[in-house]
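# Fold and geometry: a report
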Amino acid sequence: MAETATDPATPSLFSPYKMGKFDLSHRVVLAPMTRCRALNNVPNSALVEYYTQRATNGGFLITEGTMISPTAAGFPHVPGIFNKEQVEAWKHVVGAVHAKGTVIFCQLWHVGRASHQALQPGGITPISSTNKPISRRWRVLMPDGTHEIYPKPRKLETYEIPELVEHYRQAAINAIEAGFDGVEIHGAHGYLIDQFMKDGINERTDEYGGSLENRCKFIMQVVQAVVSAVGADRVGVRISPAIDHLDAMDSDPLSLGLAVIERLNKLQTDCGARLTYLHVTQPRYTAYGQTESGSHGNAEEEARFMRTWRRAYQGTFICSGGFTRQLGIEAVAEGDADLVAYGRLFISNPDLVLRLKLNAPLNKYIRATFYTHDPVVGYTDYPFLNLPKSRL
Ligand SMILES: Cc1cc2nc3c(=O)[nH]c(=O)nc-3n(C[C@H](O)[C@H](O)[C@H](O)COP(=O)(O)O)c2cc1C
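Quick summary incoming for the structure in this document. (Residues numbered from 1 in each chain as written. Predicted model: local features only at pLDDT ≥ 70, side-chain atom pairs only at ≥ 80, totals over all residues. Heavy atoms only, no water.)

## Re the pattern of salt bridges
Convention followed: Put simply, a salt bridge is a Lys or Arg side-chain nitrogen that is within 4 Å of an Asp or Glu carboxyl oxygen. The classification of residues rests on relative accessible area computed with a 1.4 Å probe and restricted to protein chains. Under 20% of the type maximum is buried, over 50% is exposed, and intermediate values are partly exposed. Helix and strand definitions here come from DSSP, where helices need a minimum of 4 consecutive H or I residues and strands a minimum of 2 consecutive E residues; each element is numbered from the N-terminal end.
Taken as a whole and judged by the stated rule, the model has 20 salt bridges. Note that K198 is salt-bridged to D194, the shortest N-O span being 3.1 Å. Across the pair, D194 and K198 agree in class, each one buried. We note a salt bridge from D338 to R310, for which the minimum N-O separation is 3.0 Å. Here D338, found in the loop between helix 10 (325-333) and strand 14 (339-342), pairs with R310, found in helix 9 (residues 299-312); they are 28 residues apart in sequence, far enough to count as distant.

## Structural notes on the site of the ligand
Our working rule: If a single non-hydrogen atom of a residue is within 4 Å of a molecule or strand, that residue counts as near it. Under the rule applied, a polar contact is a pair of N or O atoms within 3.5 Å (in protein, one hydrogen donor and one hydrogen acceptor; residues adjacent in sequence only if both atoms are side-chain atoms). Here the accessible surface of atoms and residues is derived via Shrake-Rupley with a 1.4 Å probe, and residues count as covered only by protein chains that are part of the display.
Close to the ligand lie 20 residues; P32, T34, R238, G322 and R344 are nearest. Within the side chain of H189, one N or O atom sits 3.5 Å away from a nitrogen atom of the ligand. Within the backbone of G343, a nitrogen or oxygen atom sits 2.8 Å from an oxygen atom of the ligand. Summarising the interface, the protein chains cover 96% of the accessible area of the ligand, which totals 610 Å² for the free molecule.

## Looking at helix 7 (residues 253-271)
What counts here: The span you would expect from a helix comes to 1.5 Å times its residue count less one. The contact rule is simple, with two residues in contact once any of their heavy atoms fall within 4.5 Å.
Here helix 7 contains 19 residues, and its C-alpha end-to-end distance of 27 Å stays within 8% of the 27 Å for a straight helix at 1.5 Å per residue. Considered for burial, the residues of helix 7 that qualify are P253, L254, L256, G257, A259, V260, I261, R263, L264, N265, L267 and Q268. Packed against the buried residues of helix 7 are helix 4 (192-197), helix 5 (212-215), helix 6 (217-230), strand 11 (235-239), strand 12 (277-281) and helix 9. One or two steps after helix 7, the chain reaches G272, where phi turns positive at roughly 70°.

## Here we look at the packing of aromatic side chains
Stated precisely, the cut-off is as follows: The pairing test for Phe, Tyr and Trp rings, Trp by its six-membered ring, is centres within 6.5 Å, and the orientation test on the planes gives stacked under 30 degrees, edge-to-face over 60, and tilted for anything in between. Placement of a positive charge over a ring is assigned whenever Lys NZ or Arg CZ falls within 6 Å of the ring centre and within 35 degrees of the normal to the ring plane.
Tallied over the full model, the rule gives 16 aromatic pairs. Aromatic pair W90 and F180: ring centres 5.3 Å apart, planes at 65°, arrangement edge-to-face. Within this pair, whereas W90 is found in helix 2 (residues 84-99), its partner F180 is found in the loop between helix 3 (161-177) and strand 10 (182-187), the two being separated by 90 residues in sequence. Accessibility assignment for this pair places W90 and F180 in one class, buried. Centroid distance F370 to Y371: 6.3 Å. Interplanar angle 90°. Geometry classified as edge-to-face. Chaining the aromatic ring pairs together yields one cluster made of F75, W109, Y191, Y365, F370 and Y371. A cation over an aromatic ring shows up here: K217 above the ring of Y208, its NZ or CZ 5.6 Å from the ring centre.

## Description of the packing of helix 7 against helix 9
Counted only if it meets this: Here an axis means a line fitted to C-alpha atoms, over the contact stretch when the element is a helix, while the angle between two N-to-C directions is reported on a 0 to 180 degree scale. Angles below 35 degrees are treated as roughly parallel, those above 145 as roughly antiparallel, those between 65 and 115 as roughly perpendicular, and all remaining angles as oblique. Each crossing gets its handedness from the near helix: less than a right angle anticlockwise from the far helix is left-handed, clockwise is right-handed. Residues are grouped as follows: Ala, Val, Leu, Ile, Met, Phe, Trp, Tyr, Cys and Pro are nonpolar; Asp, Glu, Lys and Arg are charged; all remaining types, including Gly, are polar.
Two elements in contact, helix 7 and helix 9, have axes whose closest approach is 9 Å; the angle formed by their N-to-C orientations is 15°. One finds that helix 7 runs roughly parallel with respect to helix 9. Helix 9 is crossed by helix 7, and the crossing has right-handed handedness. Listed contacts from helix 9 to P253, L254, G257, L258, I261 and N265 of helix 7 are R304, F305, T308, W309 and A312. Considering only residue class, the contact of helix 7 with helix 9 consists of 7 nonpolar, 3 polar and 1 charged.

Given below as structure tokens:
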């Protein structure tokens, strides 16, 4: 059954939204997802096809995590945005997506300790805020398709950190050069930025460790640098204070989230412009079977955290993590989010927006091909709805 709006004043998952300077025609967003099809870290025609399939007029896509530097990868064959070849290659993806009237942001990613020597240039040790490895509960995907435990990382010296900030800044400039409408700073899911924020990982005694102020320092330096380089209105930030993916635990996720939000609000006031959005992943993401980790709080607590952050943040709020059609409709109608990012359902349904609108059946995703490298199988071969022209 197609969605029918009862009250035109109530926002709907399928109603237009003005996200900063971007006019969106609906609120279904492609969540950033690593798909390991960018052979040798360079986007290719398979990525052009994949993103174009998911592009809709007035829609919003966020790319998979994209390496800001040669040390940033934690999976084989993820794309980069740190050299000329990659920038040129991304232009084909962006051009094709723009031709369909779609807004596209590039997700800027450094995995920190969530890597392995086999994925590092010259086989060097992965870097982090800490020298503690990720526990044996988790495994890294190796270039040969096997899984290994994560190695002990090398804790960054204080004087090295500004160089990392500079890599984010330069990657953002490169993304704009490639034609992207903006960038999303990946501060979520246990990767480098989260490794600085969470007190379950960061045990530093310098100005980047200890207090909330110090643990938020790295993310804020990155956001500030990227905003200065490309403008606040082309920058989104993703965080996941309550998610323990890759051991990213915090003793007080609610306060951590609020601390980041407070600082983002202040940055917006100071620079007199809003960021494009804040994107928060909620723990249902893991509870729905992405990982084997243990308990993730309860649904009520999650909803309370998300509502508190949503109310505190002064700007566009994107939520993601286990959203079904119904949950997405409710989140927007009840004002819990402006936009909803869909991950796994968008992998298996290239025409997800149409299917959600029509309440049509959804293809099931095949987990086994999430991170394989075939340019077609499990990537661009999920079927579209077969509808008579009159219903399109
Ligand atoms: C295969 C796969 C790859 C992912 N890669 C990324 C990524 O590169 N960056 C990121 O921020 N989140 C990543 N995620 C998390 C998704 O963006 C999303 O938040 C998560 O899948 C929960 O949404 P869902 O329940 O709609 O799938 C990934 C998820 C999946 C399933």
